[in-house]
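Close look at the chain arrangement
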Amino acid sequence: MASYPSRGTDACAVRHPSRKVHGSLWTVAFIPVLDNILLYLDELLSPAAFQDYGPNGLQVPGPDRIANLVTGVSASAELFERAAELGADLVIVHHGLFWSGASLALSPSAKRRLQLLFDHDMALAAYHLPLDGHPVVGNNALLAAGLGCASHEPFARHRGAAIGVAARFAGDGIAVPELVERVERLTGRAPLAFLAGPERVRSIGIVSGAGSDYLADSVAAGHDAFLTGEPAERVMTHAQEEAIHFIAAGHYATETFGVRRLGELLAERFGIRHEFMEIPNPI
Ligand SMILES: [Zn+2]
C-alpha cells in the first residue's frame, strides 16, 4: 500500500502510475521531490530561453528527497561547508561551479567543492541569467521594486534574451541623493556613483552583476540613470560625457535578491526549510 510522505504538498507526492516494479505489480511511486523542484524552477525560469555562460539547473545530483534548502549567491567551499552544517539536501546558487571556457580538468579547489557536496550528499543547482532577467523573481526586477520604481520592462539583451529591466519612478521621479540613499539601504553598502545626470531621476536601467557594458544601452534608451553591480574603468568618463548617472552597487550585493526569493518561494510551495546564506563579498 502506498503511503504519502508526511511532509510536503501534492506537488511533491505526484503519482507515477506507469512505473512497473518487480515485473508483476503496478505500483505507485512518488516522483522524487528534487525532480519536482527542478521541474518547477524550469517552468518558472525558462532557462532554455537563455544562451548562458554555464549550465542552468541541476549541476550536481544529491538525494532524491529534499527537506533542507540553502541558497547563496556563489558556489564556494565556505558556502558548502555552512550548508552542510545546516543539513542541507539542496544548495541553489546564482553562480554555479561550471563555466564555459573553463578547464575541463578539476583543480584542487574544484575537487574540494565537489567533495563537500558528495561527502554531505547535497545536490547543487544554479540559475544564472534566467535569475537576472526574470520579470518577478529576477535580481533586476527585485532591485527595481526595492528602489520603489512604479513599473519596469525587459531591458539589456544578451543574445536576444533580456537580462535587465528598464524601470520608471512615479510622477516626477526622485531626487538624485534620494536614489543613492535608496540603493545604499537596499544593498547594505555605499555604492560607487558618478552623478552626471539630471536632478530628478525618472527612468533607470538596471543590470545586476557585471553589467557595465549595458551603460550604452541605457544611454541609447535615454535613461536618467544606470545601475549595475561591478564597474568597469571606462564607465566614469562615458557616464559624464553622456550626462547619465552611473551607480555601481556591488556584484555580490546586487545579486542576493533573486536566489533568496527563489528559496522563499520553494519553501512556501514545497514545505521545505530554507536559509539564505550570506557570505558577503566587497566586489
Ligand atoms: Zn553575477
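Summarised in this report is the structure supplied together with it. (Residues numbered from 1 in each chain as written. Predicted model: local features only at pLDDT ≥ 70, side-chain atom pairs only at ≥ 80, totals over all residues.)

With that settled, consider the packing of helix α5 (residues 139-146) against helix α9 (residues 257-270). Following both chains from N to C, one finds α5 and α9 inclined at 95°, their axes separated by 7 Å at the closest point. Classified by the angle between their axes, α5 and α9 sit roughly perpendicular to one another. Note on element contacts: α9 touches α5 through F257, G258 and R261, opposite N139, L142 and L143. Partitioning the contact of α5 with α9 into residue classes produces three nonpolar, two polar and one charged. (Axes fitted to C-alpha atoms, helices over the stretch in contact; angles between N-to-C directions. Helix = DSSP H or I, 4+ residues; strand = E, 2+ residues; numbered from the N terminus. Parallel < 35°, antiparallel > 145°, perpendicular 65-115°, else oblique. Contact = placed C-beta atoms within 7 Å. Nonpolar A, V, L, I, M, F, W, Y, C, P; charged D, E, K, R; others polar.)

Once that is clear, we can look at helix α2 (residues 77-85). Residues of α2 that are buried: L79, F80 and A83. For α2, the angular spread of the buried residues around the axis is 95°, confining them to a single face. Here the buried face of α2 lies against β4 (68-74), β5 (90-95) and α3 (108-119). Looking one or two residues past α2, G87 carries a phi angle of roughly 75°, positive in sign. (Buried ≥ 20, exposed ≤ 12 C-beta atoms within 10 Å, placed from the backbone. Arc of directions from axis to C-beta.)

Right, let's talk about the sheet that holds strand β3 (residues 57-60) for a bit. Read from one edge of the open sheet, five strands run β3-β6-β5-β4-β15, paired in mixed fashion. Two strands close off the open sheet at either side, each with one partner strand: β3 and β15 (273-276). Between one strand axis and the next, the sheet turns by 30° as a mean value, whatever way the strands run. Sheet analysis places β4 next to β5, joined by five bridges and oriented parallel. Across the sheet, G72 pairs through a bridge with V93, a residue of β5. The strands touched by helix α1 (residues 33-45) are β3, β5 and β6 (123-126); relative to β3, the strand with the most contacts, the crossing angle is about 135°. (Pairing = 2+ DSSP bridges.)

Attention now goes to unusual backbone geometry. Backbone geometry places D121, a non-glycine residue, at a positive phi of 45°. Structurally, D121 can be placed in the loop between α3 and β6. Positive phi values are uncommon outside glycine, yet R159 reaches one of about 50°. Here R159 lies in the loop between β7 (151-158) and β8 (161-168).

Everything listed is a geometric property; what it means functionally is a separate question.
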